[in-house]
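Structural characterization, general
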Amino acid sequence: MQEYQIKRGYTKTLAESMVQGLRDQFGVEPTVSEDGHYIISYGALLRLEVWLGSGGKTLIVDTEADKTADDETFLETNRRFRNYLQQVTGYTTKERAKKAQQAVKGTE
């Protein structure tokens, strides 16, 4: 499970963009669990579950990978997942890595 910070300006529409991003990037309609989590299955992901974090200011993602998927499927799924995170959080992969490093430094 991973928690992602959201860029300023993206938090107002986070609840909607979190769901729309799944449709845009993976081309599937997510199912909604009783606790408000959105779940899809796509390619090398047996389960991708997303929900709002504390105060609706973060995105929490939990995944379960299909270890039997071929390399091409894994790469395509990973590309779509990175694009999804960028669409919803507003941060690129490099920016998300930097934010994660800062968060770790802050807790030490």
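Within any chain, residue numbers begin from 1 and follow the written order of that chain's sequence. For this predicted model, a pLDDT threshold of at least 70 governs which residues receive local features, and a threshold of 80 or more governs which side-chain atom pairs are given and counted, while totals over whole chains, interfaces and linings are taken from all residues. Neither water nor hydrogens contribute to the side-chain values; these are computed over all heavy atoms in the structure.

Salt bridges, as used here, are contacts in which a Lys or Arg side-chain nitrogen is within 4 Å of a carboxyl oxygen on Asp or Glu. Here the structure, examined in full by the defined rule, presents six salt bridges. In this structure, Glu-76 engages Arg-79 in a salt bridge whose closest nitrogen and oxygen atoms are separated by 2.7 Å. In this pair, Glu-76 and Arg-79 both sit in helix H2 (residues 71-89), three residues apart, roughly one turn of the helix. Relative accessibility under 20% of the residue-type maximum defines a buried residue, over 50% an exposed one, and the middle range a partly exposed one, all with a 1.4 Å probe and only protein chains included. Given a relative accessible area of 29%, Glu-76 falls into the partly exposed group. Owing to a relative accessible area of 35%, Arg-79 belongs among the partly exposed residues under this scheme. Glu-76 is the salt-bridge partner of Arg-80, the closest N and O atoms lying 2.7 Å from each other. With Arg-80 and Glu-76 both in helix H2 and four residues apart, the pair spans about one turn of that helix. According to the relative accessible area criterion, Arg-80 is partly exposed, its value standing at 21%. Salt bridges sharing partners connect three or more residues here, namely Arg-47, Glu-49, Asp-62 and Glu-64. Put simply, DSSP marks the helices as runs of H or I at least four residues long and the strands as runs of E at least two long, and each gets a number from the N terminus on.

Another point: H2. Here H2 spans 27 Å end to end across 19 residues, near enough to the 27 Å set by a 1.5 Å rise per residue. Of the residues trailing H2, Gly-90 is marked for its positive phi of about 85 degrees. By this rule, a helix spans an expected 1.5 Å times one less than how many residues it contains.

Moving on, we come to helix H1 (residues 14-26). Taking 1.5 Å of rise per residue, the 13 residues of H1 would be expected to cover 18 Å, and the 18 Å separating its terminal C-alpha atoms lies within 8% of that figure. Residues Leu-14, Ser-17, Met-18, Val-19, Gly-21, Leu-22, Gln-25 and Phe-26 constitute the buried set of H1. Elements that come into contact with the buried residues of H1 comprise strand S3 (38-42), strand S4 (45-52), strand S5 (58-65) and H2. Looking at the residues trailing H1, positive phi occurs at Gly-27, about 70 degrees. Note on contacts: a residue pair is in contact if any heavy atoms of the two residues lie within 4.5 Å.

Turning our eyes to something else, we now look at the packing of aromatic side chains. Any two of the Phe, Tyr and Trp rings considered here, Trp counted by its six-membered ring, make a pair once their centres fall within 6.5 Å; the pair's planes then place it as stacked at under 30 degrees, edge-to-face at over 60, or tilted in between. In total, this model carries two aromatic pairs according to the counting rule given. Aromatic pair Phe-26 and Tyr-84: ring centres 6.1 Å apart, planes at 50 degrees, arrangement tilted. Separated by 58 residues along the polypeptide, Phe-26 in helix H1 and Tyr-84 in helix H2 bring together distant segments of the chain. Taken individually, Phe-26 and Tyr-84 each receive the classification buried, so the pair is uniform in this respect. Among the aromatic side chains, those forming a connected cluster through ring pairs are Phe-26, Tyr-42 and Tyr-84.

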